[in-house]
Amino acid sequence: ETYHHLLAWLLYLSILAMSSDDKYYKLSSELRGHEQDVRAVCALSNGMVATGSRDNSVRVWDPADPKSCTVLHGHQHFVGSLVSLFPTVSHPTRLFASGGYDNVINVWDAGASSGASDTPILTLIGHEKPVVSLSVTP
């Protein structure tokens, strides 16, 4: 049986689980759910974690309940990049964006406690090639 491991997430959780007295990283959780390999991971300020995959979906996970996630569908091809965005007056909770190999960028509202809205709040269309990287600077 093949499992699609989320290595970056595991590293992220390992870092969170390690105290200054520890000499080794400790695995504190493992997320399973994507149907294909994970291509992007993004920590959100509300404590959630977003992942993007070759299964064309974005998933928002609550680390306290790693067996439960919100599945977001907004891409027609695989999701290769994610970035956390700054809150706005109209969206005081953390926003994040996903970039896909469908040449589209979607902006999502991570929500204060419910994970994420199931549809993008904004879709940016116009790239002629896949969106392979997203970055935000203050």
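Scroll up for the structure.
In short, a report on the structure. Because the structure is predicted, anything quoted here is derived from the model rather than measured.

Calculation rules
- Residues numbered from 1 in each chain as written.
- Predicted model: local features only at pLDDT ≥ 70, side-chain atom pairs only at ≥ 80, totals over all residues.
- Heavy atoms only, no water.
- Helix = DSSP H or I, 4+ residues; strand = E, 2+ residues; numbered from the N terminus.
- Buried < 20%, exposed > 50% of the residue type's maximum accessible area, 1.4 Å probe, protein only.
- Contact = heavy atoms within 4.5 Å.
- Areas by Shrake-Rupley, 256 points an atom, 1.4 Å probe, with all protein chains shown as cover.
- Phe/Tyr/Trp six-rings, centres within 6.5 Å; stacked < 30°, edge-to-face > 60°.
- Salt bridge = Lys/Arg side-chain N within 4 Å of Asp/Glu carboxyl O.
- Pairing = 2+ DSSP bridges.
- Axes fitted to C-alpha atoms, helices over the stretch in contact; angles between N-to-C directions.

**What about the overall build of the chain?**
- Regarding its fold elements, the chain presents one helix and eight strands.
- Taken from N to C terminus, the helices and strands of the chain fall in the order α-β-β-β-β-β-β-β-β.
- A burial count over the chain gives 38% of its 138 residues as buried.
- The contacts in the chain between residues at least 6 apart in sequence include a share of 42% that link residues at least 24 apart.
- Surface exposure of the chain reaches about 8,000 Å², of which carbon and sulfur atoms provide 53%.

**Some thoughts on the packing of aromatic side chains**
- Evaluation of the coordinates by the stated rule reveals two aromatic pairs.
- Residues Phe78 and Tyr101 carry aromatic rings whose centres are separated by 4.0 Å and whose planes lie at 20 degrees to one another, so their mutual orientation is stacked. Of this pair, Phe78 sits in the loop between β4 (65-73) and β5 (79-85) while Tyr101 sits in the loop between β6 (95-100) and β7 (104-109), and the two are 23 residues apart along the sequence.
- Judged by centre distance (6.5 Å) and plane angle (20 degrees), the rings of Phe96 and Trp108 are stacked. Of this pair, Phe96 sits in strand β6 while Trp108 sits in strand β7, and the two are 12 residues apart along the sequence. You'll find Phe96 and Trp108 in the same group, each marked buried.

**Quick word on the pattern of salt bridges**
- According to the stated counting rule, one finds two salt bridges in the structure shown.
- Here Asp37 and Arg39 are joined by a salt bridge, their closest N and O atoms 3.5 Å apart.
- Through salt bridges with shared partners, a single network forms among Asp37, Arg39 and Arg54.

**A word on the sheet that holds β7**
- The sheet built from four strands is open, its strands ordered β5-β6-β7-β8 with antiparallel pairing. The open sheet has two edge strands, β5 and β8 (122-125), and neither has a second partner. Neighbouring strand axes in the sheet, compared pairwise and without regard to direction, differ in orientation by 20 degrees on average.
- As paired elements, β7 and β8 share four bridges and run antiparallel to each other. Opposite Val104, over in β8, you have Ile125 as the bridge partner.

**Some words on the pairing of β6**
- Burial analysis of β6 places six of its six residues in the buried class, the great majority of the element.
- Note that β5 and β6 share six bridges and pair antiparallel. Paired with Ser84 across the two strands is Phe96, which belongs to β6.
- In terms of strand pairing, β6 meets β7 through five bridges, oriented antiparallel. Directly across from Gly99, in β7, lies its bridge partner Ile105.
- Two successive antiparallel strands, β6 and β7, enclose a turn made up of three residues, where Asn103 displays a positive phi of approximately 70 degrees.

**Here's the deal with the sheet that holds β4**
- Strand order in the open sheet formed by four strands is β1-β2-β3-β4, and the pairing between neighbours is antiparallel. Both edges of this open sheet fall to β1 (38-43) and β4, since each of them pairs with a single strand only. When strand polarity is set aside, the average angle formed by the axes of neighbouring strands in this sheet is 25 degrees.
- Bridge analysis of strand β2 (residues 49-53) against strand β3 (residues 57-62) gives four bridges, and the strand direction is antiparallel. From the neighbouring strand, Val49 faces β3, where its bridge partner is Trp61.

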